[in-house]
Amino acid sequence: MPYSGGNGLAYPAGTAIASTGVTGLSATLPAGTLASGNGSLVFNITGTPSSAGLAYFNIVFGTQSCSVPLAVNEDPNFTQYGTPFQAVPDRRDAVIYQVNMRAFSSTRNFQGVLARLDSIKALGVNVVYLMPIYPVGNVNSVNSPYAVRDYRAVNPEFGTLTDLRALVDGAHSRNLTVLLDWVANHTAWDNPWISAHPDWYLKNGSGAIVSPPGTGWNDVAQLDFNNTAMRLEMIRSMKYWVYTANVDGFRFDYADGPPATFWRQAVDSLRAITTHNLLLLAEGNRADHFASGFDYIFGFSYYGGLKSIVQGGQPVTNLDNLNSSEYSGATNGQQVVRYLTNHDVNGSDGTPQQLFGGIPGSLASFVVTAYMKGVPMIYNGQEAAYPNRITFPFTGPTITWGINPDVTAQYKQLLAFRSSSAALRRGTLSTYHSTDVAAFTREQGTERVLVIANLRNGARTYTVPAALAGNWINAFTGAAVPLPPSVSLGAYEYLVLKNQ
């Protein structure tokens, strides 16, 4: 930056000046000496720009100030941070763990998650899914993490890009895959796109940008997926995180909102990053999501169906229809992510204990969820039987860990066996349910696993079909288990057996 009237005096190093406009950069003036007369102040620019465009630095020197623009030209090929993770699991072998940073630890940030990665790993999961990490909008705000103000920035509430990279590195060092939450359907009202590209948004007949129609989500603005430029920039922003933070995929929020043509374009573009094996999860159950190329869709119907069985007394045989309908169109090992809780239903409906028959019922329900069909997802605190709802916007009390070590031990046992069993992860499913008891086998090669789970809060007798006769052993202890013509099961009791 040029100046005139220099007096030859020395000056100290300045503090970092954050950029506006294009964010993510900082300018720092090193210590130096003014020339006598005319000269230039040379600032060091560091950081990673959030996008192409103009970055502005508000420079103050002595009593003088000015705003200095800097053109940022985006490299069409992002620079890869770190080494792409090579241990991403096969889509069929995943166990997903959802992290809500605001509730996960007392520090409510990336560091709090990093500090518990060993505990997450010990549980038996291999995929960590982080709820949105981006700055939250301030206009019409309800403090929702799903109102994204900047697709290429880190919410300072959680830390910095450096902190996020440390978390991803820490997960990779423990053979944990990391997914980011991505909100493609809408943005916050103060996202820069609103002013820079109003044509990227859906408008009403008066030309005003609107919220997502029919949702009541007034804190966000609906994007227009007929706009080609918006779609391309959205996909580039997804790619930014694959390269800049070395993440391993995305969970796509409200995937039933954007059209299938956009998802096909986005999935194809992400799959073209050949250095990464990405896992892509659509939080939706629309029929075309499998055809769009997602690894996973969301088991909304399974969750509601299981709840109606355990809580509402509906017949267990209803599970068969769910297995058929949710997997319609799935090919090449595509899966449904199934769960007892997540950040939405935990707050709106209740905890697993409240919904699925206390701790015993929630464990029996988890056995069916994790073993019958699909990929299980655990929401933070579930494995500790945390008794309180984590309600929106998730800024209340944080999770108390270690309160039910016996429950955590059972989760570890159940997931360890799933990890060791190819039959449970990939085997052929055969069901033998009764009205009250879930019963099924998974078979792969010479391995056969039998699960019998009473989903009622009362003793039940299960009549064993002839197809299940044979020599079985307890999957956890190895003890021989004779299977008589009928089996008496206590309330929410379950058996996990395997062939000898």
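Naming follows an unreviewed UniProt entry, where the protein chain appears as Glycosyl hydrolase family 13 catalytic domain-containing protein of Flaviaesturariibacter flavus.

Draft legend 1. Structural detail: the packing of aromatic side chains. Under the counting rule described, the total for this entry stands at 27 aromatic pairs. Relative to Y240, the ring of F78 lies with its centre 5.8 Å away and its plane at 80°, an arrangement referred to as edge-to-face. Of this pair, F78 sits in the loop between β10 (64–72) and β11 (96–99) while Y240 sits in helix α6 (residues 228–244); the two residues are 162 residues apart in sequence, bridging distant segments of the chain. Each member of the pair, F78 as well as Y240, carries the same accessibility label: buried. For the cation-ring pair, R165 lies above Y81, with the distance from its terminal atom to the ring centre recorded as 4.2 Å.

Draft legend 2. Examining the sheet that holds strand β8 (residues 44–47) more closely. Taking strand neighbours across the sheet as the criterion, the 3 strands line up as β3-β5-β8 in an open arrangement whose pairing is antiparallel. Across the chains shown, the open sheet's two edge strands, defined by having one partner strand only, are β3 (17–18) and β8. Pairing analysis gives 4 bridges linking strand β5 (residues 25–28) to β8, with the strands arranged antiparallel. Across the sheet, residue A27 finds its bridge partner in β8, namely I45.

Draft legend 3. Layout of the UniProt feature "domain: Glycosyl hydrolase family 13 catalytic" (unreviewed entry) in the protein chain. Here, UniProt's "domain: Glycosyl hydrolase family 13 catalytic" (unreviewed entry) annotation points to residues 98–418. Taken as a whole, residues 98–418 contains 39% helix and 13% strand, while its terminal C-alpha atoms sit 19 Å from one another.

Draft legend 4. Layout of unusual backbone geometry. Between F392 and P393 the backbone carries a cis peptide bond, its omega angle lying at 0°. With respect to the secondary-structure elements, P393 resides in the loop between β20 (375–379) and α14 (405–420). The backbone phi angle of N143 is positive, close to 65°, even though this residue is not glycine. Take N143: it is sitting in the loop between β12 (127–130) and α4 (161–173).

Draft legend 5. Here's a closer look at the sheet that holds strand β9 (residues 53–61). A sheet is described by the order of its strands in space; here 3 strands give the open sequence β4-β9-β10, paired in antiparallel fashion. Of all the strands in the sheet, just β4 (20–21) and β10 have a single pairing partner and so form its edges. As paired elements, β9 and β10 share 9 bridges and run antiparallel to each other. Among the inter-strand pairings, L54 is bridged to a residue of β10, identified as A71.

Draft legend 6. View of the environment of M238. You can see M238 is positioned in helix α6. Among the residues examined, M238 registers a relative accessible area of 0% and is labelled buried. Distance from M238 to F394, taken between C-alpha atoms, is 25 Å for residues 156 residues apart in sequence. M238 has contacts with W182, F250, F252, F262, W263, A266 and L270, leaving out every residue within four places of it along the chain.

Draft legend 7. Representation of the pairing of strand β28 (residues 494–499) in the model. Sheet topology note: the strand β23 (residues 447–454)/β28 ladder contains 5 bridges and is antiparallel. Residue V449 lies in a different strand from β28, and its bridge partner there is K498. As judged from the 3 bridges shared by strand β25 (residues 472–474) and β28, these two strands associate in the antiparallel manner. Note that in β28 the partner of N474 across the bridge is L497.

The rules behind the values
- Residues numbered from 1 in each chain as written.
- Predicted model: local features only at pLDDT ≥ 70, side-chain atom pairs only at ≥ 80, totals over all residues.
- Heavy atoms only, no water.
- Phe/Tyr/Trp six-rings, centres within 6.5 Å; stacked < 30°, edge-to-face > 60°.
- Helix = DSSP H or I, 4+ residues; strand = E, 2+ residues; numbered from the N terminus.
- Buried < 20%, exposed > 50% of the residue type's maximum accessible area, 1.4 Å probe, protein only.
- Lys NZ or Arg CZ within 6 Å of the ring centre and 35° of its normal.
- Pairing = 2+ DSSP bridges.
- UniProt positions renumbered as here; feature names shortened; annotations may be inferred.
- Contact = heavy atoms within 4.5 Å.

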